[in-house]
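Coordinate analysis (summary)
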Amino acid sequence: MNNFISAFYDAVLLYAIALNETLSEGLDPRNGHNITGKMWNRTFVGITGNVSIDKNGDRYSDYSLLDLDPAQDKFVEVAYYSGASNELKQVAQFHWVNGKPPQDSPICGWNHSKCPEGYPWYVYVIAAAALLILVMMGAFLIYYRRMKLERELTAMSWKIRWEELDGDESRAKEKKKAAKRARKIDAFANPDQNDPLLRSNSRSSFASDKVTCRGVGWLLVWQPDSFVCPAWDWV
């Protein structure tokens, strides 16, 4: 129901009641004091229920307290306040959260006066230890994920080495390295016979058909016409 329409209806009804009483008593209906005197300090039944007017001409307000009933899944009236009698009447059970009404004030008070300033020292120690554990766990997880990823990449059969992607350039480098190694071996096997150091440090035996080169911990026997002992003693 629209509150404005119901209030207007009750106001017109109250005026009609006061006017009838004024006329029945033979008073002048055009005198406002006669009409308002019949309206004040009385109660009548209107479209919204009992309507009560105090001695100052103000209406007593009535209020209904609604509560959501979880069983019916709708709001129901659990308490009623009567402005005329100034009483609050409970007509049903309240459905509180956690089964009990909330506190009138916070635990520490509205201005935090009921709680001491700061926290005990062990609270800070526990907080620091928890933070350190979280940091260590995060670092361990990052390290573990990195190692796991590297193992997965290593186990992949499709992984191609960087050298295999160079193509002709890589093969040319390999050929150069092989040629360089061959030159080193050739220089070791055929040293320069004109080197005076080799001539001064070598002793040859022309009577023998074989030459024995004595190295460090081992001996080699070669034909003298095909091999010259480099910087070793001839036997």
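Residues numbered from 1 in each chain as written. Predicted model: local features only at pLDDT ≥ 70, side-chain atom pairs only at ≥ 80, totals over all residues. Heavy atoms only, no water.

1. Things to note about the UniProt feature "transmembrane region" (unreviewed entry) in the protein
- The positions that UniProt labels "transmembrane region" (unreviewed entry) are, in the present scheme, residues 121-144.
- Here residues 121-144 is 100% helix and 0% strand, with 35 Å between the C-alpha atoms at its ends. (UniProt positions renumbered as here; feature names shortened; annotations may be inferred. Helix = DSSP H or I, 4+ residues; strand = E, 2+ residues; numbered from the N terminus.)

2. Some words on the sheet that holds strand β5 (residues 87-90)
- Judged by pairing direction, the sheet is antiparallel, and its 3 strands sit side by side in the order β3-β4-β5 without closing on themselves. Each of the sheet's edge strands pairs with one partner strand only, and the pair in question is β3 (63-69) and β5. The mean angle between the axes of side-by-side strands here comes to 30°, regardless of whether they run parallel or antiparallel.
- Sheet analysis places β3 next to strand β4 (residues 74-82), joined by 7 bridges and oriented antiparallel. Residue pairing in the sheet places aspartate 69 in a bridge with lysine 74 of β4. (Pairing = 2+ DSSP bridges. Axes fitted to C-alpha atoms, helices over the stretch in contact; angles between N-to-C directions.)

3. Remarks on the packing of aromatic side chains
- Counted according to the given criterion, the structure contains 4 aromatic pairs.
- Ring geometry for phenylalanine 94 against tryptophan 96: centres 5.4 Å apart, planes inclined by 25°, an arrangement best described as stacked.
- Given a relative accessible area of 27%, phenylalanine 94 falls into the partly exposed group.
- Measuring from centroid to centroid gives 6.4 Å for phenylalanine 140 and tyrosine 144, while their planes differ by 20°, and the two rings are stacked. Of the two residues, phenylalanine 140 and tyrosine 144 are both situated in helix α3 (residues 121-154); the distance of 4 residues between them amounts to about one turn of the helix. (Phe/Tyr/Trp six-rings, centres within 6.5 Å; stacked < 30°, edge-to-face > 60°. Buried < 20%, exposed > 50% of the residue type's maximum accessible area, 1.4 Å probe, protein only.)

4. A few points about unusual backbone geometry
- In this model, aspartate 73 sits at a positive phi of 60°, which is unusual for a non-glycine residue.
- Note on placement: aspartate 73 falls in the loop between β3 and β4.
- A relative accessible area of 63% means that aspartate 73 is categorised as exposed.
- Positive phi outside glycine occurs at asparagine 86, with the angle close to 55°.
- Mapped onto the elements of the fold, asparagine 86 is located in the loop between β4 and β5.

5. A few points about the nonpolar core
- Counting 7 residues, the largest nonpolar core consists of Leu14, Ala18, Ile35, Met39, Phe44, Val51 and Ile53.
- Filtering out sequence-adjacent residues up to four positions away, isoleucine 35 remains in contact with Tyr15, Ala18, Leu19, Thr22 and Pro29. (Core = buried A, V, L, I, M, F, W, Y, C linked by side-chain atoms within 4.5 Å. Contact = heavy atoms within 4.5 Å.)

6. With respect to helix α1 (residues 3-24)
- Taking 1.5 Å of rise per residue, the 22 residues of α1 would be expected to cover 32 Å, and the 32 Å separating its terminal C-alpha atoms lies within 8% of that figure.
- Once α1 ends, the next one or two residues include glycine 26, with phi positive near 75°. (Expected span 1.5 Å × (residues − 1).)

7. Observations concerning the packing of α1 against helix α2 (residues 32-39)
- Orientation of α1 relative to α2, taken along the N-to-C sense of each, is 115°, at an axis distance of 8 Å. Between α1 and α2 the crossing geometry is right-handed. Here Leu14, Tyr15, Ala18, Leu19, Glu21 and Thr22 of α1 lie close against α2, whose contacting residues are Asn34, Ile35, Lys38 and Met39.
- Residue composition of the contact of α1 with α2, grouped by class: 6 nonpolar, 2 polar and 2 charged. (Left-handed = near helix turned anticlockwise from the far one by under 90°. Nonpolar A, V, L, I, M, F, W, Y, C, P; charged D, E, K, R; others polar.)

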